[in-house]
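Architecture and fold: a report
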Amino acid sequence: MTNVRTLARTLGLLVPMFLFAACGGEAGASAKPESTAGSIVKLLEGITDGKTAESAKSELSTLTEQLSTGITALKSAGEKTGGEAKDAMGALAEKAKAAVAAFSPELTKSFGGITEQITRLMGNDEIKKVIGPVLEKLKGLIAG
C-alpha cells in the first residue's frame, strides 16, 4: 500500500512538471515559428513581379532561416520532453508529447497560407528566377 501511495504522489508531482516542461522552454518557441510564418505570408503576398521579389529576397531568406530554427527547436523539445518522460515514468511520454503537439495544428494552419503563396509565385518564371531556391526551401520546411 505504501508503494502505491508513493507512486501516486510521485505521479502527482511529475505529471504537471512534464506538462510544464512541454509547454515552456524550447517548446515555448512555437509562438515564434507561427509568428514567423505569418510574416512570411505577408511578405509573399506583396510579391507580384521580379522587382518586388528582388526587394523581398533578403528578408525572405532571413525569415526562412528563423522558421527553420523554430521548427527544429520545436521538434527537438518534443522529442526531448517525450524521451525524458518515458525514462522517468513510461506512460507520461505520450502526455508530454501531446502537450507539445498541441501547438502543431495552429502551426500547420499558418503553413497553409505559405503553401498557397508558394504555388502562386512558382507559377511566375520571373519571380521563380529571383527567389525560386528560397521558395523551394520554404516548401521543404513545410512538408518536413
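Criteria and thresholds
- Residues numbered from 1 in each chain as written.
- Predicted model: local features only at pLDDT ≥ 70, side-chain atom pairs only at ≥ 80, totals over all residues.
- Heavy atoms only, no water.
- Helix = DSSP H or I, 4+ residues; strand = E, 2+ residues; numbered from the N terminus.
- Buried < 20%, exposed > 50% of the residue type's maximum accessible area, 1.4 Å probe, protein only.
- Contact = heavy atoms within 4.5 Å.
- Areas by Shrake-Rupley, 256 points an atom, 1.4 Å probe, with all protein chains shown as cover.
- Salt bridge = Lys/Arg side-chain N within 4 Å of Asp/Glu carboxyl O.
- Expected span 1.5 Å × (residues − 1).
- Bend = angle between axes of the 7 residues up to and from the residue.
- Polar contact = N/O pair within 3.5 Å; in protein donor to acceptor, adjacent residues only side chain to side chain.
- Core = buried A, V, L, I, M, F, W, Y, C linked by side-chain atoms within 4.5 Å.

1. Description of the overall build of the protein chain
- Within the protein chain, the regular secondary structure consists of six helices and zero strands.
- Along the protein chain, helices and strands appear, N-terminal first, in the series α-α-α-α-α-α.
- Counting the 144 residues in the protein chain, one finds 36% classified as buried.
- Within the protein chain, counting contacts between residues at least 6 apart in sequence, those at least 24 apart form 79% of the total.
- If you sum the accessible surface of the protein chain, you get close to 8400 Å²; carbon and sulfur atoms cover 59% of it.

2. A few points about the pattern of salt bridges
- Within this structure, the stated rule accounts for one salt bridge.
- The partner of Glu-65 in a salt bridge is Lys-137, and the shortest N-O contact between them spans 2.2 Å. Of the two residues, Glu-65 sits in helix α3 (residues 50–89) while Lys-137 sits in helix α6 (residues 125–143), which places them 72 residues apart along the sequence.
- Judged by relative accessible area, which is 37%, Lys-137 ranks as partly exposed.

3. Re α6
- The terminal C-alpha atoms of α6, which comprises 19 residues, lie only 23 Å apart, well short of the 27 Å expected from a rise of 1.5 Å per residue.
- Taking the largest bend as the criterion, α6 deviates by roughly 80°, centred on Ile-131, and proline Pro-133 comes between one and four positions later.
- Those residues of α6 that sit buried are Ile-127, Val-130, Ile-131, Gly-132, Val-134, Leu-135, Leu-138, Leu-141 and Ile-142.
- In this structure Asn-124 caps α6, since a side-chain oxygen of it lies 2.9 Å from the backbone nitrogen of Glu-126.

4. Notes on the environment of Gly-70
- You can see Gly-70 is positioned in helix α3.
- Judged by relative accessible area, Gly-70 falls into the buried class, the value being 6%.
- Residues Gly-70 and Thr-36, 34 residues apart in the sequence, show an inter-C-alpha distance of 8.7 Å.

5. What to know about the side chain of Thr-36
- The topology assignment puts Thr-36 in helix α2 (residues 31–45).
- The residues touching Thr-36, leaving out its near neighbours within four places in the chain, are Leu-63, Gln-66 and Leu-67.

6. Quick notes on the environment of Glu-54
- By the element assignment, Glu-54 lies in helix α3.
- Sequence separation of Glu-54 and Val-130 is 76 residues, and the distance between their C-alpha atoms is 6.2 Å.

7. Structural notes on the nonpolar core
- Counting residues in each nonpolar core, the largest one holds 25 residues, and the members touching the most others are Leu-44, Leu-60, Leu-67 and Ile-114.
- Looking at this core, the elements with two or more residues in it are α2, α3, α5 (104–122) and α6.
- In terms of residue count, α6 provides more of this core than any other element does, eight residues in total.
- In this view, Ile-114 contacts Ala-37, Ile-40, Val-41, Leu-44, Leu-67, Leu-138 and Ile-142; residues no more than four positions away in its chain are not counted.

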